[in-house]
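Given next are the chains, with one letter for each unit.
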Amino acid sequence: MRGDLVINVFLLLLAGYFYKLTYSFKQISKYDVMGPGFWPRIVLVFLMGLIIFAIVIEIRKMIKKVSQEEDKNQKISYKKFIFALVVSFGYFFIMRYVGFVIATLVFQGMFLFVQGVRQVKILILTPSVLTLLLFILFIKLMYLPLPKGIGIFRSFSLLLY
Amino acid sequence: MEILSGFANALDPSNLIFVLMGVFVGICFGAVPGLDPTTGTALLIPITYAFSPVQALLFLTSLYLGGVFGGSITAILFKVPGSSEAVMTSLDGYPMTQRGEAGKALGIAIMSSSIGGTLAVIVTIVLSTQLAKVALQFGPAEYFALAVLGLSCVSSIGTNSQIKSLIGACVGLLLATVGIDAITGVTRFTFGSKSLLSGIAFVPAIIGLFAASEVFNKVSQKQELEAVENVDTEKVKTKLMSLKEILALKWTILRGSVIGTWIGILPGVGATTASIISYTQEVRFSKHPEKFGTGIQEGIAAPEAANNAAAVAAMIPLLSLGIPGSGTTAVLIGAFLIHGLKVGPLLFINNSDLVYSIFGGMFIANFVVVLGGLFAVRFFVKLVKIPYPIMATSIMSFCIIGSLALGDVNGVLLMFVFAVVGFFMGHYKYPTTPVILGLVLGPILETSLRRALMMTEYNFIDLLTRPITAVLLGLALISLLAPWIGKLISFAKDKTSNFPGH
């Protein structure tokens, strides 16, 4: 409940900021009545109205102390989320330096590890098979120019594609 | 004659293989809990870049239809619906499995899905062609009203909170304003980024919102995902219904197909709603409603006919009006976009070959579903046993490489932004489909409204007095207020029944 309130207040502030931005759009005299800010302002006013309504509902719930049973399945580990995000983003980031094949192998091993997989056989076999399948699909069948890396990694990639 | 040429085109071996692959991959996505046809469509749009437009759309529409059926396999065998469309199927399907009639239950699901889908294809062919002709007469005012109607239906999507759906839709509408304004040429909300000048890239956005965010959501759950119950699936063999059995269920299948087709046409309401309504209606029509939930054939036939019919009929507003009829069809727009096509009535004039090939493909896909269900059920069941970490790793690799394949580095960055947004939306129970509908309908709404107002010299009343516009806006208002009116009526009933003397 408190989380919903925080999200709504954050959204309201963001909507307010965007509303302010609409006045910085370049004005064209020919379209004075309905310039570039006309439609975004309508949407933002409607959005802010909805958010305020949602905030009122949340505050009323808090005052009435409506008990909410927490769904155990929905409990989220932010640590796991951040690890998964960092590993995924890291994959995309290092791909340009080490090339598609090596980056994919390393990423898949790490992503499995983040999810709690500890069996060495799975950690080695899964990335090998998946990378091979992705290599065949994206490089051999679709001819996509995926990154080859730099230096020694590029030389290695050039052996493959 | 165009329809015959469409059929011939879809039956051409170079295209038919894509229908077969689409249904097969779709059933896989539908059968595995945690994946669904929408995720599958979003995830695989990038690989269709290498296909011809006909092959790409045959593949994705077949995937969609296969996926809607696929959910029923695990719903019947394990009481775990692979996708939300199969929720109602598990109510009577699983009790049949417990009685040792899994093969028969699967047979009913396959035949009902196939018949429901085929009937809906016929309606789709007739209706969308006519609707497209009417839509060609529409002016900006009518298009504005149509888009409002499409958006007003989001309140019924995916959550109990109408407010959250509407907030999501508004966020989508706002995102649609990013880039160069189509009327004045002024840049809006680009923050100096050149890659945002052409607006939010649609495909990376849907990959992030529907596929990557789902992986983040599942991966970060504190409790590990429950493994599917270990049923001896080696003994499961699909038994197709005999003609006598089909005739015995003819009215159930027909009612399901009609309900599904009608609901599928309504913008924003999808196959899940169709299966729920069809099931509840079947209970009402039944002479023995108490038997529902104990494993009766009608309990499988009704929702299965309805969900496949709805999936097909959702293509009617998409193809003829350019308004998506469901979340998956909103995602399908991405496939049209990457092939330089614009959905809407002009598609019937400029790309009629493609449209009729899609119709032919959908017709064939409904028969392929039967083959898939008949010969490959054991394979699909084995897929369910693949541990989720392996699934998640494959999906995330696909999301990143797919976004990279479609454009540049900015596509991947955008995918990550939408994945994080989608993760928090999922956590706080905001449905993601309204955001995509807002993103799709935003440009239609804005440009149509502004053009219509310019034509009427900014007189909004003039715009409202156009008959079609007035009717469509009236329907939108009813659709928007219906849940509130329902709540008020039940509240008033409660008050009355609590009043002394009642």
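Bear in mind that the values here come from a model prediction, so they are computed numbers and not experimental data. (Residues numbered from 1 in each chain as written. Chains lettered and ligands numbered in written order. Predicted model: local features only at pLDDT ≥ 70, side-chain atom pairs only at ≥ 80, totals over all residues. Heavy atoms only, no water.)

1. A word on the overall build of chain A
Inference 1: For chain A, the helix and strand inventory stands at 6 helices and 0 strands.
Inference 2: If you list the helices and strands of chain A from N to C, you get α-α-α-α-α-α.
Inference 3: For chain A, whose C-alpha radius of gyration is 25 Å, the value lies well above the compact-globule estimate of 15 Å for 161 residues.
Inference 4: For chain A, the spread of C-alpha atoms along the principal axes amounts to about 60 × 55 × 25 Å.
Inference 5: Looking at the 161 residues of chain A, the share that counts as buried comes to 39%. (Helix = DSSP H or I, 4+ residues; strand = E, 2+ residues; numbered from the N terminus. Rg over C-alpha atoms; globule rule 2.2 N^0.38 Å. Buried < 20%, exposed > 50% of the residue type's maximum accessible area, 1.4 Å probe, protein only.)

2. Some thoughts on the interface of chain A and chain B
Inference 1: Taken together, the 63 residues of chain A in the interface contact 62 residues of chain B.
Inference 2: Of the roughly 5800 Å² buried at the junction of chain A and chain B (both faces included), carbon and sulfur atoms supply 80%.
Inference 3: Run the count over chain A and chain B and you get 1 salt bridge.
Inference 4: The salt bridge partner of B:Lys164 is A:Asp4, with a shortest N-O separation of 3.4 Å.
Inference 5: One can count 11 residue pairs in polar contact (both at pLDDT 80 or more) joining chain A with chain B. (Contact = heavy atoms within 4.5 Å. Buried area = accessible area lost by both parts, 1.4 Å probe. Salt bridge = Lys/Arg side-chain N within 4 Å of Asp/Glu carboxyl O. Polar contact = N/O pair within 3.5 Å; in protein donor to acceptor, adjacent residues only side chain to side chain.)

3. Considering the domain arrangement of chain A
In many analyses, interface size is given as the accessible surface area lost on bringing the parts together.
Inference 1: Per the domain assignment, the segments making up chain A are domain 1 (2-67) and domain 2 (88-160).
Inference 2: Between domain 1 of chain A and domain 2 of chain A, the C-alpha centre-to-centre distance is 42 Å. (Domains from an automatic or database assignment.)

4. Quick look at the environment of A:Tyr31
Inference 1: Assignment of secondary structure puts A:Tyr31 in the loop between helix H1 (2-21) and helix H2 (38-64).
Inference 2: Look at A:Tyr31 and you get buried, because its relative accessible area is 14%.

5. Some points on H2(A)
Inference 1: Under the 1.5 Å per step criterion, the end-to-end length of H2(A) is 40 Å for 27 residues, consistent within 8% with the ideal 39 Å.
Inference 2: The complete set of buried residues in H2(A) reads A:Trp39, A:Pro40, A:Arg41, A:Val43, A:Leu44, A:Leu47, A:Met48, A:Leu50, A:Ile51, A:Ala54, A:Ile55 and A:Glu58.
Inference 3: Residues of H2(A) that are buried sit in contact with H1 of chain A together with helix H8 (162-175), strand E2 (187-188) and helix H21 (433-455) of chain B.
Inference 4: Just downstream of H2(A) lies A:Lys65, where phi reads positive at about 50°. (Expected span 1.5 Å × (residues − 1).)

6. Notes on the nonpolar core
Inference 1: Counting 194 residues, the largest nonpolar core has A:Phe100 and B:Phe336 as the members making the most contacts within it.
Inference 2: Among the elements that line this core, the one with the most residues is helix H4 (residues 53-78) of chain B, at 15 residues.
Inference 3: In terms of domain composition, this core takes at least three residues from each of domain 1 (2-67) and domain 2 (88-160) of chain A.
Inference 4: Excluding residues within four positions of it along the chain, B:Phe336 makes contact with B:Leu57, B:Leu318, B:Leu319, B:Leu341, B:Val343, B:Leu347, B:Leu354 and B:Ile358. (Core = buried A, V, L, I, M, F, W, Y, C linked by side-chain atoms within 4.5 Å.)

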